[in-house]
Amino acid sequence: MERSERQLYADPVILSRTSTYQRIVLTQANGDVRLFLNGNLQFSSRDEYRYHEALVHPGLAAVAAPRRALVLGGGDGLAVREILKDNRVEQVTLVDLDPLVTELFTAHEALAALNDHALRSPRVTVVNADAFVWLEEHADRYDFIVVDFPDPSNYSLGKLYTTTFYRRLAAHLTAGGVVAIQSTSPLAAREAFWCIVATVRDVGLHAAPYHAAIPSFGEWGFVLASREPLQAPDRFPAALRYLTPAIARSLFEFPADMDAVPVEVNRLNNQILVQYHTDGWSRYAR
Ligand SMILES: NCCCCNCCCNCCCN
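Because the structure is a prediction, the values reported are computed rather than measured.

Residues other than glycine seldom take positive phi values, yet Asn-30 does so here, at roughly 50°. Its place among the elements puts Asn-30 in the loop between β2 (23-29) and β3 (32-37). Despite not being glycine, Thr-184 has its phi angle at roughly 60°, a positive value. Within the secondary structure, Thr-184 is located in the loop between β9 (173-182) and α9 (190-202).

Below is the structure:
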């Protein structure tokens, strides 16, 4: 790694690799491990439990009998770790583009420890493929689907937030199934967040937006998509550090500064992307 690249990261770099798809960098300082893909933060080990509990458990708790789960993106295995806490789930399929990421989080002892060795579980199957193509080429249905991609900051990622993608997702849902989507920041990227909500609704799914405070990310947003409106969650696995049913219910309330704004729908031929700015706020752009 060149000195100029090292200077991009606040903490010492402990691992850097270039895969076919992206630059993968891990930093560590005072026990805080951070993953960056193409320079964009994906998690901080100090607070990732908040993000992954919020991403997984409200949606999973809303499924009556979740036997089969699918995770798209999330090659770090942290969302899979959360799903495995629910004993009702028998099988999890993880589809992540980059074999180098899933290998690192399976075989590198310190990294696999972060996901409780979830990717080595006999309940988990890891597939390395482009989720956009994989959904079109496979027919299986799932009770619970997690969408954990990086934010839609370029054309290749933007296609994973379009009506085309959400229609493909809907075709893989069982009748009472639920999709949980990481949806960028409703505060720092307000239009991009509500664009995801509008795009899910445009394909005929119910969308339940919610948000959580993740110190390393800021205020963060998620969307539950389903065929029928969902009941509020009333039960979670015992081993959580952040969520309780009462806290989860409060996350579905939006204060005025994050509330819905008029937005367009994101289509494959009209992508709305997030542009990061150095002031920490993002813009909504084409
Ligand atoms: N303020 C910058 C925050 C950037 C957060 N980027 C979102 C990453 C979403 N995917 C995370 C993958 C973790 N399993």
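The structure having been displayed, the exposition proceeds.
Quick look at helix α4 (residues 99-107) now. For α4, the set of buried residues is Val-101, Thr-102, Leu-104 and Phe-105. Around the axis of α4, the buried residues are gathered within 160° of arc, so they sit on the same side.

Let's shift gears to the nonpolar core. Counting residues in each nonpolar core, the largest one holds 47 residues, and the members touching the most others are Val-80, Ile-83, Val-92, Phe-105 and Phe-144. Ranked by residues supplied to this core, first place goes to helix α2 (residues 48-61) with six residues. Those residues within four positions of Phe-144 in sequence are excluded, and the remaining contacts are Val-56, Gly-59, Leu-60, Val-63, Arg-68, Ala-69, Leu-70, Ile-83, Val-178 and Ala-180. Residues Leu-72, Val-147, Phe-193 and Val-223 belong to the second largest nonpolar core, which totals 34 residues.

Turning to the pairing of strand β11 (residues 218-226), a few remarks are in order. When you tally the buried positions in β11, you get seven out of nine residues, the bulk of the element. Strand direction decides the pairing type here: β9 and β11, joined by five bridges, are antiparallel. Bridge assignment links Val-178 to a residue of β11, and that residue is Ser-226. As paired elements, strand β10 (residues 206-214) and β11 share nine bridges and run antiparallel to each other. Each bridged residue has a counterpart across the sheet, and for His-211 the counterpart in β11 is Gly-221. Turn length for the β10-β11 hairpin, with the two strands adjacent in sequence and antiparallel, is three residues.

What follows is about the UniProt feature "active site" (unreviewed entry) in the protein chain. Under the UniProt annotation, the feature "active site" (unreviewed entry) is placed at Asp-148. With respect to the helices and strands, the residue Asp-148 is situated in strand β8 (residues 142-148). Overall, Asp-148 belongs to the buried group, its relative accessible area being 9%. Sequence-distant contacts of Asp-148, defined by excluding residues within four places in its chain, comprise Tyr-51, His-52, Leu-55, Leu-72, Gly-73, Gly-74, Ala-79 and Gln-182. Polar side-chain contacts of Asp-148 include one of 2.6 Å to the side chain of Tyr-51.

Definitions and cut-offs
- Residues numbered from 1 in each chain as written.
- Predicted model: local features only at pLDDT ≥ 70, side-chain atom pairs only at ≥ 80, totals over all residues.
- Heavy atoms only, no water.
- Helix = DSSP H or I, 4+ residues; strand = E, 2+ residues; numbered from the N terminus.
- Buried < 20%, exposed > 50% of the residue type's maximum accessible area, 1.4 Å probe, protein only.
- Arc of directions from axis to C-beta.
- Core = buried A, V, L, I, M, F, W, Y, C linked by side-chain atoms within 4.5 Å.
- Contact = heavy atoms within 4.5 Å.
- Pairing = 2+ DSSP bridges.
- UniProt positions renumbered as here; feature names shortened; annotations may be inferred.
- Polar contact = N/O pair within 3.5 Å; in protein donor to acceptor, adjacent residues only side chain to side chain.

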